[in-house]
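One-letter residues, chain by chain:
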Amino acid sequence: RRGHLQVNSYMWSKELDLKNRREALGMTFDVYTPTQQFRIEDEMIYRTYTAAQMEKLLAAVPAWEVAAVHDFHYRISIPVEIGPRTEDVVLVLRRR
């Protein structure tokens with residue numbers, strides 16, 4: 001919410017295909033202004049990886065290394081440690 005604008009968002013997993021490392025996500029934005037209200041609907045397709053799959057992929061490209069891991073809040077001062085229950089991370093890569 002900012003001033004007279006309000007946006008409510010909702011995102012959910014529509015389909016998860018671990019074999020093909022694909023996840024379909026649905027998303028809606030409900031937008032409210034003093035003169036209108038409307039909804040934006042969208043779908044996104046993400047490529048998903050387990051931690052082991054990501055490690056294997058990165059090992060195949062030795063020119064890059066993981067410099068940091070964060071969640072989608074992008075707080076640099078709060079890195080994320082990947083574990084068995086970790087989801088939705090941002091990997092910061094750098095050239096070796």
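Residues numbered from 1 in each chain as written. Predicted model: local features only at pLDDT ≥ 70, side-chain atom pairs only at ≥ 80, totals over all residues. Heavy atoms only, no water.

Undergrad: Where do I start with the pairing of strand β3 (residues 37-47) in this structure?
TA: Each regular strand carries side chains that alternate between the two faces of the sheet. With eleven bridges joining them, strand β2 (residues 22-32) and β3 adopt antiparallel strand pairing. Bridge assignment links Y32 to a residue of β3, and that residue is Q37. Taking the residues between adjacent antiparallel strands as the criterion, β2 and β3 are bridged by four residues. (Pairing = 2+ DSSP bridges. Helix = DSSP H or I, 4+ residues; strand = E, 2+ residues; numbered from the N terminus.)

Undergrad: Teacher, can you tell me more about the side chain of D30 here?
TA: Mapping D30 onto the fold places it in strand β2. Look at D30 and you get buried, because its relative accessible area is 15%. Those residues in contact with D30 that sit more than four places away from it in its chain are Q6, V7, N8, F38 and R39. (Buried < 20%, exposed > 50% of the residue type's maximum accessible area, 1.4 Å probe, protein only. Contact = heavy atoms within 4.5 Å.)

Undergrad: It is not clear to me how the side chain of T48 should be interpreted in this structure. Could you clarify?
TA: Looking at the secondary structure, you find T48 in the loop between β3 and α1 (51-59). A relative accessible area of 15% places T48 in the buried class.

Undergrad: Looking at this model, I keep getting lost on the pattern of salt bridges. Mind explaining?
TA: It is possible for side chains of opposite charge to pair when their charged atoms get near one another. Counting across every chain of the model gives five salt bridges. Notably, a salt bridge pairs E43 with K14, separated by 2.7 Å at the nearest N-O pair. Placement of the pair is E43 in strand β3 and K14 in strand β1 (residues 6-17), with a sequence separation of 29 residues. Take K14: its relative accessible area is 46%, and that puts it in the partly exposed class. (Salt bridge = Lys/Arg side-chain N within 4 Å of Asp/Glu carboxyl O.)

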